[in-house]
Amino acid sequence: MASFTLPTPSAKAVLWIFLGVTTVFVFITSEVLLITDYPMYHAYRLQVIADRGLLIPHTLCGTFALLAGPLQFSSRLRQRHLKFHRVVGRMYFIAVIIGAFTGIALATGRPGLPGTAMQGAAWIVCTTAAVIAARNRQVAVHRQWMARSYAVTFTFVSTRVLNLVPAYWSHLGDVLSAVGVIAFTLASIVLVDLGLNWNELTTRRSLTVAHRPSPEAGSLQIRADYRPVTTQLSNDLHHR
């Protein structure tokens, strides 16, 4: 299995800044405009209001999982406050389960169900694998699966980046929208795996050839093992 190497602190900082800026952009262009009854979102806004019973717990759980990511991936916080890390991890797992099932329930009976079901299933599988690895004390494997889980978590943001583009919002159609969710989910997991194995993919491993013992070395070893025996036999004969 490939070894898990964490990115450098500077690379992690750039990554989290990028994710944070993207999240703020999506919040402004999707959620704020949704509240203000932006004309392009009017029909969607009515649907959101009708679905509020399931949508509120789904949104709260998804938001918690999204905000818990930077805390869980902080090496300093994990080392200094391990108990806090574990508590937040359990809450993250519960949030994922509730968020996934409420999302599937929201999509039931609608054309987007295949995409949402696949997204929810990937979310649950990756997070459950991370929990199992943690319980088995497989720390490196646990971090790998948590990275995949958070990649799926972030698809709730990445799939909304282009919401302001009319062609993306209005003309994809139900089938392409479902395919788009599946594509975003798979692409996120693949990108994380590429990042986790980047060193192995870009570094050529040097070959090490094992040195076989020469025949002379073997004969010397045999002779060395044989001499004490013959010496002991000759001494016994002389004593007799």
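Reading the values: the criteria
Residues numbered from 1 in each chain as written. Predicted model: local features only at pLDDT ≥ 70, side-chain atom pairs only at ≥ 80, totals over all residues. Heavy atoms only, no water. Phe/Tyr/Trp six-rings, centres within 6.5 Å; stacked < 30°, edge-to-face > 60°. Helix = DSSP H or I, 4+ residues; strand = E, 2+ residues; numbered from the N terminus. Lys NZ or Arg CZ within 6 Å of the ring centre and 35° of its normal. Patch = residues over 30% accessible without salt bridge, like charges linked within 9 Å, V, L, I, M, F, W, Y side chains within 5 Å. Areas by Shrake-Rupley, 256 points an atom, 1.4 Å probe, with all protein chains shown as cover. Salt bridge = Lys/Arg side-chain N within 4 Å of Asp/Glu carboxyl O. Lys, Arg positive; Asp, Glu negative; His and termini not counted. Charge placed at Lys NZ, Arg CZ, Asp CG, Glu CD. Expected span 1.5 Å × (residues − 1). Buried < 20%, exposed > 50% of the residue type's maximum accessible area, 1.4 Å probe, protein only. pLDDT = per-residue confidence, 0-100. Contact = heavy atoms within 4.5 Å. Core = buried A, V, L, I, M, F, W, Y, C linked by side-chain atoms within 4.5 Å. 1 Å grid on protein atoms, 1.4 Å probe; cavity = no way out; pocket = protein on both sides within 12 Å on 5 of 7 lines; lining within 4 Å. Points joined across faces, edges and corners; volume = space filled by probe spheres on them. Nonpolar A, V, L, I, M, F, W, Y, C, P; charged D, E, K, R; others polar.

*Asks:* Could you clarify how one ought to interpret the packing of aromatic side chains in this entry?
*Replies:* Aromatic ring pairs: the centre-centre distance and the angle between the two ring planes describe each pair. Taken as a whole and assessed by the stated rule, the structure comprises four aromatic pairs. Plain terms: the ring middles of Trp16 and Phe73 are 6.1 Å apart, the flat faces sit at 40° to each other, and that makes the pair tilted. Separated by 57 residues along the polypeptide, Trp16 in helix 1 (residues 9-35) and Phe73 in the loop between helix 3 (52-72) and helix 4 (75-80) bring together distant segments of the chain. Taking the centre distance of 6.0 Å and the plane angle of 70° together, the rings of Phe73 and Tyr150 count as edge-to-face. In this pair, Phe73 sits in the loop between helix 3 and helix 4 while Tyr150 sits in helix 7 (residues 139-158), placing the two residues 77 residues apart along the sequence. Looking at Arg148, its charged tip hangs above the ring of Trp145, at a distance of 4.4 Å from the centre.

*Asks:* Explain a positive patch on the surface to me, please; I cannot follow it from the model alone.
*Replies:* On the surface, Arg86, Arg90, Arg135 and Arg137 cluster together into a patch of positive charge. Structurally, Arg135 is set in helix 6 (residues 113-135).

*Asks:* Help me understand helix 7, please; the structure alone is not making it clear to me.
*Replies:* Along an α-helix, residues three or four positions apart point the same way, because every turn accommodates 3.6 residues. Under the 1.5 Å per step criterion, the end-to-end length of helix 7 is 28 Å for 20 residues, consistent within 8% with the ideal 28 Å. The element helix 7 is largely enclosed, with a buried count of 15 among its 20 residues.

*Asks:* What exactly am I supposed to notice about the confidence of the model for the protein chain here?
*Replies:* In low-pLDDT segments, the atomic positions of the prediction should not be examined closely. Of all residues in the protein chain, 79% have pLDDT values of 70 or greater, and the mean over the chain is 81. This stretch, residues 217-234, has a pLDDT under 50; its non-local contacts, to residues over four places away or in other chains, come to zero contacts.

*Asks:* Explain the pattern of salt bridges to me, please; I cannot follow it from the model alone.
*Replies:* Taken as a whole and judged by the stated rule, the model has two salt bridges. Among the salt bridges present, the one from Arg148 reaches Asp193, with a minimum N-O distance of 2.8 Å. Residue Arg148 is found in helix 7, and its partner Asp193 is found in helix 9 (residues 173-196); the two are separated by 45 residues along the sequence.

*Asks:* What's the story with the nonpolar core in this structure? I'm lost.
*Replies:* Among soluble globular proteins, nonpolar side chains are generally buried collectively. Ranked by size, the top nonpolar core spans 20 residues in total, and within it Tyr92 and Trp123 carry the most contacts. The set of elements that each furnish at least two residues to this core consists of helix 1, helix 3, helix 5 (82-107), helix 6 and helix 7. By size, the runner-up hydrophobic cluster in this structure holds five residues, among which are Leu34, Tyr41, Leu55 and Leu106.

*Asks:* Which parts of the structure should I look at to understand the layout of surface pockets?
*Replies:* Vacant regions in the atomic arrangement are exposed by a probe of water-molecule size rolled over the atoms. Space inside the second largest pocket adds up to approximately 1700 Å³. Phe73, His142, Arg143, Met146 and Ala147 are the residues nearest the centre of the second largest pocket, which is lined by 47 residues in total. Secondary-structure elements contributing two or more residues to the lining of the second largest pocket are helix 1, helix 4, helix 5, helix 6, helix 7, helix 9 and helix 10 (198-202). Of all the elements, helix 7 adds the most residues to the lining of the second largest pocket, at 10 residues. The residue inventory of the lining of the second largest pocket, partitioned by class, reads 28 nonpolar, 12 polar and seven charged.

*Asks:* Hey, could you run me through the side chain of Arg148 in this one?
*Replies:* Arg148 gets classed as buried once you look at its relative accessible area, which sits at 11%. The residues touching Arg148, leaving out its near neighbours within four places in the chain, are Cys126, Ile189, Val192, Asp193 and Leu196.

*Asks:* Would you mind going over a nonpolar patch on the surface with me for this structure?
*Replies:* A cluster of nonpolar side chains, namely Val190, Leu191, Leu194, Trp198 and Leu201, defines an oily patch on the protein surface of about 530 Å² accessible area. No other element matches the three residues that helix 9 contributes to the nonpolar patch. Structurally, the position occupied by Leu201 is in helix 10.

*Asks:* Got a minute to help me understand the environment of Arg45 in this structure?
*Replies:* With respect to the helices, strands and loops of the structure, Arg45 is situated in helix 2 (residues 42-50). Arg45 sits in the partly exposed class, given a relative accessible area of 25%. Distance in space between the C-alpha atoms of Arg45 and Ile35 is 7.8 Å, their sequence separation being 10 residues.

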